[in-house]
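# Topology and contacts: notes
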Amino acid sequence: MSYPWNSYVQSSIIKDEINGCLIMGRDGTIWGVGSASVPFNVSPQEAKDLSVKVNQYVDACKGTGFPAPPSFLLGGVKYIGNKAEPSGEEFIATSKDDANVCTVVAKVLGKCVVVGRSLKGNSGSLNIHMSKLATAYSQDPNFN
């Protein structure tokens, strides 16, 4: 599908460790999605479902507990939440299929969620790239 920010995602984000990216509003509206080599076909329903889980997770982090990071479907692939920041601003999830270990890092900003995917299974390098994006986006009123 075509979304307003697809060309931006494809030309500016898809490189290095990030071979799939989703930018969506906190309400689950897809702003842009793109990928290299392996498609990242995120459905509108998957984005809506993820937004519900993200918002529940962020709200729970504001309480007294530290909840488990969310698990979710993206592009028909099941990702299991396995690492998170206590602030609720970031979580990491992984998936393993027959061919790849996929890692996604999600950065939660004021107005949106930015999800980056790596097929290399290296969450450290992906997290560095996603942190740079989140830092830049946090200073932009369109995102935060």
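Residues numbered from 1 in each chain as written. Predicted model: local features only at pLDDT ≥ 70, side-chain atom pairs only at ≥ 80, totals over all residues. Heavy atoms only, no water.

### With respect to the environment of Val104
Spelled out, the test is: Helix and strand assignments follow DSSP, with helices taken as H or I runs no shorter than four residues and strands as E runs no shorter than two, numbered in order from the N terminus. Residues are treated as being in contact if the distance between any of their heavy atoms lies within 4.5 Å.
Mapped onto the elements, Val104 comes out in strand β6 (residues 101-108). Between the alpha carbons of Val104 and Thr94 there is a distance of 6.3 Å; along the sequence they are 10 residues apart. Setting aside residues no more than four positions away along its own chain, Val104 makes contact with Phe72, Tyr79, Phe91, Ile92, Ala93, Val115, Gly116, Arg117 and Leu126.

### Comments concerning helix α2 (residues 44-62)
Just so we agree on the cut-off: Any helix carries an expected span of 1.5 Å times its number of residues minus one. Each residue gets one of three labels from its accessible area relative to the maximum for its type: buried under 20%, exposed over 50%, partly exposed in between, using a 1.4 Å probe on protein chains only. Each C-beta atom gives one direction from the helix axis, and the arc is the one those directions make.
Here α2 is 19 residues long and its end C-alpha atoms lie 27 Å apart, about the 27 Å a rise of 1.5 Å per residue gives. Buried within α2 are the following residues: Glu46, Ala47, Leu50, Ser51, Val54, Tyr57, Val58 and Cys61. The buried side chains of α2 occupy one side of the element, clustering within an arc of 135° when seen end-on.

### Description of the confidence of the model for the protein chain
Defined as follows: What pLDDT reports is the predictor's confidence in each residue, on a scale of 0 through 100.
Mean pLDDT for the protein chain: 79, with 80% of residues reaching 70 or above. Put simply, helix α1 (residues 6-13) is where the protein chain has its lowest mean pLDDT, 66, and α2 is where it has its highest, 90.

### Here's the deal with the nonpolar core
For soluble globular proteins, the rule of thumb is that nonpolar side chains tend to be buried together. Rules: To qualify as a nonpolar core, a set must consist of buried Ala, Val, Leu, Ile, Met, Phe, Trp, Tyr and Cys residues joined through side-chain atoms within 4.5 Å.
If you look at the biggest cluster of nonpolar residues, it comprises 25 residues, and the most contacted ones within it are Leu22, Leu74 and Phe91. Those elements that provide at least two residues to this core are β1 (20-25), β2 (30-35), α2, β3 (72-74), β4 (77-84), β5 (90-96), β6 and β7 (112-118). Ranked by residues supplied to this core, first place goes to α2 with 6 residues. Apart from residues no more than four positions distant in its own chain, Leu22 is found in contact with Ile30, Gly32, Val33, Phe40, Val42, Leu74, Val113, Val114 and Val115. Counting residues in each nonpolar core, the second largest holds 15 residues, with Trp31, Cys112, Leu133 and Tyr137 among its members.

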